[in-house]
Structure formats: structure tokens, C-alpha cells
Amino acid sequence: MLAGLTFVLLLAAAAPAAIDSPLEAEIESYIKSLRAQGSISRYERTAWLVHDFTSGQKLVSINENTPLQAASMIKPYLALAFFHQVQAGRLLYGPTSRLHMEKMIQKSDNASTNWVMKQTGGPTATKALLARHYPSLCQQLRLIEYIPSNGRAYRNLGSAGDYGRFLIALWQKKLPNSSEILRLMGLPGPDRLYDKASHIPSGTRIFDKTGSTAMCCGDMGILVAPGTNGLSYPYIVIGIISRDSRTTSYGTWISRRANVIREVSNRTYDYLKKRHPLR
């Protein structure tokens, strides 16, 4: 676990700065074109973040500090809170908790999510734990409610910036049981960053968590692209599209917004391929 001072230093290193990146300009232009076509409405907000681990640079920061509906993207935070308590000797990670953790992250099972959250005291206590020990990772995080049986959890909020700082600390193994959280996020399942993103080659590894409600379509993850030189090139892509009200055409809305996130992921890979010897 990082001490408070270390997290302050991490926050300073990851603090938003002016981004002068052709990739950011390209993504902004792409989203503006979708708005002009009516493919994304004026009632929808988007947020995007790209971080390249190889160069250590943040390449895209669009609305990264805007709190938006978290949906299931909040679930890796629940894993962090649980493993914090395991490290502190207050909880055990055994067969039952491992099963619930896998169902929560891989299957996005809401009953297992609530089970995990109950172990750390429920929404209010879990948010307090995270805010006390990991303040730089949850600046816009709002953990208000359990996930109802119908999955309509609309009050929990998060930001692309928070998710980005979380993923950086996770990849650098600075969080409790980082390796296990990465394993959980790397279990096979549908995603919006690699799956059906036609520009990204097979063999690319992904560690992610999607989020889906009638008001939110998102994905936050780390992709590890194989290089032609045998090396690996990890990077973060986060995309969130959020509505002000519930869509009446859930399947169509989610599918089309997921494709927007995939296109941003495609463009990110194409940009990085010009900077690194990717396949």
C-alpha cells in the first residue's frame, strides 16, 4: 500500500496539464463530427483519456475531471477497498471471496458486487476508506448506492482522470494485491477497447472494466501491444459517453456508443504505431 505522502507525489505527477497532442485534436474532431451528424446528441457528455506508459506521457485529456456516471467501472475500486482490508488483516481472500471477485469483475455480476461491498462496510464506509487511503485515485468518485437487482445504479459517479490514476498505480504495482486485480481485469470477456477494434492486432493483451447502463457506456483499461522487436508497449485508453436521462432504446444506444469507443481505441493504436514499433 502506498503511504499518504507517496500518493500526494503520484497525484502531482499525474495532475492534469495542457495537452498538445495530435491524437487529442483528432479525437476532439471525431467527436465533433459525430455531434454534427447527430450521432451523439447535445444531451450526451463524453470524456477521454490516453496515457502512454512507454513515453510516460498523457496523450489525451478531454473532460477528464468531469464526474460522470460510473456504472460498473466503479467495481475495480471495490476490489481495491477489499484488498486494502485483506492487507490490513481485517478480511481474508479465500475461495468464496475469490469467486465473488471474479463474478464481479469478469461477469459484472451485481449480486457479487454487493457482497464484496458489504465486506468493506457498504457504500458510505467503502468510499470513506478509499478517500482516506487513496485520495488521489478518487477525487471525483462518488460511491452512493449498492447495485439494485435491475442494475439501474445511476448515482455512483467517477471520472476518466480518477480511472487513469487508478490504472497507472495498478500497472506500477503500487496498490494492494495489484497482480490479482490485474488478473481479474484480464479475464476473458467482451470489451470496447480491443474486441472488434479492427486496427488492433491479435496478441494484444487487455486489462479492463466496462460500464453499461441506460445512461452510460464506458470502458477503462490497459492495453499491452506487442512490438515487432519482441517488446511490449502498454498504454491506457478510457472512454465514457454519458446521457442526462435514460435511453428508450438501450441495445441500439449501447451498441453505437461502444463502437465510438472502439473507433477512438483504433485511432489511439494507429497513433502509437507511428511512435513505437508496434505490429
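For the structure itself, look to the data block above.
J.: Mind showing me how you'd approach the overall build of the chain here?
T.: Counting its secondary structure elements, the chain contains 9 helices and 7 strands. For 279 residues, the compact-globule estimate of 2.2 N^0.38 gives 19 Å, and the C-alpha radius of gyration of the chain, at 18 Å, lies within 12% of that figure. Principal-axis analysis of the C-alpha atoms places the extent of the chain at approximately 50 × 45 × 35 Å. Here the chain holds 279 residues, and the buried ones make up 54% of them. Considering only residue pairs separated by 6 or more positions, the chain has 66% of its internal contacts joining residues 24 or more positions apart.

J.: I keep staring at helix α8 (residues 178–185) and nothing clicks. Help me out?
T.: Given 3.6 residues per helical turn, the α-helix brings residues three or four places apart onto the same face. Taken across its 8 residues, α8 has 6 buried, putting it largely inside the fold. All of the buried residues along α8 are Ser178, Glu180, Ile181, Leu182, Leu184 and Met185. The secondary structure elements touched by the buried residues of α8 are α3 (75–87), α4 (95–105), α7 (160–171), β5 (205–213) and β6 (216–226).

J.: Any chance you could explain the packing of aromatic side chains here in plain terms?
T.: Counted according to the given criterion, the structure contains 7 aromatic pairs. On the basis of an interplanar angle of 55° and a centroid distance of 6.3 Å, the ring pair of Tyr77 and Tyr163 is categorised as tilted. In this pair, Tyr77 sits in helix α3 while Tyr163 sits in helix α7, placing the two residues 86 residues apart along the sequence. On the numbers, 4.8 Å between centres and 80° between planes, the contact of Phe83 with Tyr93 is edge-to-face. Linking Phe83 in helix α3 with Tyr93 in the loop between α3 and α4, this pair joins segments that are 10 residues apart in sequence. Against the face of Tyr30 rests Arg267, its NZ or CZ located 4.3 Å from the ring centre.

J.: Whenever I open this one, the sheet that holds β5 confuses me. Can you help?
T.: Paired through backbone hydrogen bonds, the strands of a sheet run either parallel or antiparallel to each other. Within the open sheet, the 5 strands sit side by side as β2-β1-β7-β6-β5. Their pairing is antiparallel. Single-partner strands in this sheet number two, and they are β2 (57–62) and β5. In this sheet, neighbouring strand axes are inclined to one another by 5° on average, regardless of whether the strands run parallel or antiparallel. The pairing of β5 with β6 spans 9 bridges and is antiparallel.

J.: Can you walk me through the side chain of Ser265 in this structure?
T.: Position of Ser265 relative to the elements: it lies in helix α9 (residues 250–275). Judged by its relative accessible area of 0%, Ser265 is buried. A polar atom in the side chain of Ser265 sits 2.5 Å from the backbone oxygen of Leu193.

J.: For this particular structure, what's the right way to read the pattern of salt bridges?
T.: Where side chains of opposite charge bring their charged atoms close, a pairing between them can arise. Taken as a whole, this structure holds 9 salt bridges when the rule is applied. Glu102 is the salt-bridge partner of Arg183, the closest N and O atoms lying 2.8 Å from each other. You can see Arg183 sitting in helix α8 and its partner Glu102 sitting in helix α4, a full 81 residues away along the chain. The closest approach of N and O atoms between Glu180 and Arg183, which form a salt bridge, is 2.8 Å. Placement of both Glu180 and Arg183 in helix α8 is noted, with a separation of 3 residues, approximately one turn of the helix. According to the relative accessible area criterion, Glu180 is buried, its value standing at 9%.

J.: Please explain the packing of α3 against α7 as it appears in this structure.
T.: Between two packed helices, what matters for the description is the angle formed by their axes and the separation of those axes. Orientation of α3 relative to α7, taken along the N-to-C sense of each, is 45°, at an axis distance of 11 Å. Between α3 and α7, the crossing angle belongs to the class labelled oblique. Here α3 runs over α7; the crossing is left-handed. Counting all contacts with α3, which are made through Pro76, Tyr77 and Leu80, the residues of α7 involved are Asp162, Tyr163 and Phe166. Along the lines of polarity and charge, the residues of the contact of α3 with α7 split into 5 nonpolar, no polar and 1 charged.

Definitions and cut-offs
- Residues numbered from 1 in each chain as written.
- Predicted model: local features only at pLDDT ≥ 70, side-chain atom pairs only at ≥ 80, totals over all residues.
- Heavy atoms only, no water.
- Helix = DSSP H or I, 4+ residues; strand = E, 2+ residues; numbered from the N terminus.
- Rg over C-alpha atoms; globule rule 2.2 N^0.38 Å.
- Buried < 20%, exposed > 50% of the residue type's maximum accessible area, 1.4 Å probe, protein only.
- Contact = heavy atoms within 4.5 Å.
- Phe/Tyr/Trp six-rings, centres within 6.5 Å; stacked < 30°, edge-to-face > 60°.
- Lys NZ or Arg CZ within 6 Å of the ring centre and 35° of its normal.
- Pairing = 2+ DSSP bridges.
- Axes fitted to C-alpha atoms, helices over the stretch in contact; angles between N-to-C directions.
- Polar contact = N/O pair within 3.5 Å; in protein donor to acceptor, adjacent residues only side chain to side chain.
- Salt bridge = Lys/Arg side-chain N within 4 Å of Asp/Glu carboxyl O.
- Parallel < 35°, antiparallel > 145°, perpendicular 65-115°, else oblique.
- Left-handed = near helix turned anticlockwise from the far one by under 90°.
- Nonpolar A, V, L, I, M, F, W, Y, C, P; charged D, E, K, R; others polar.

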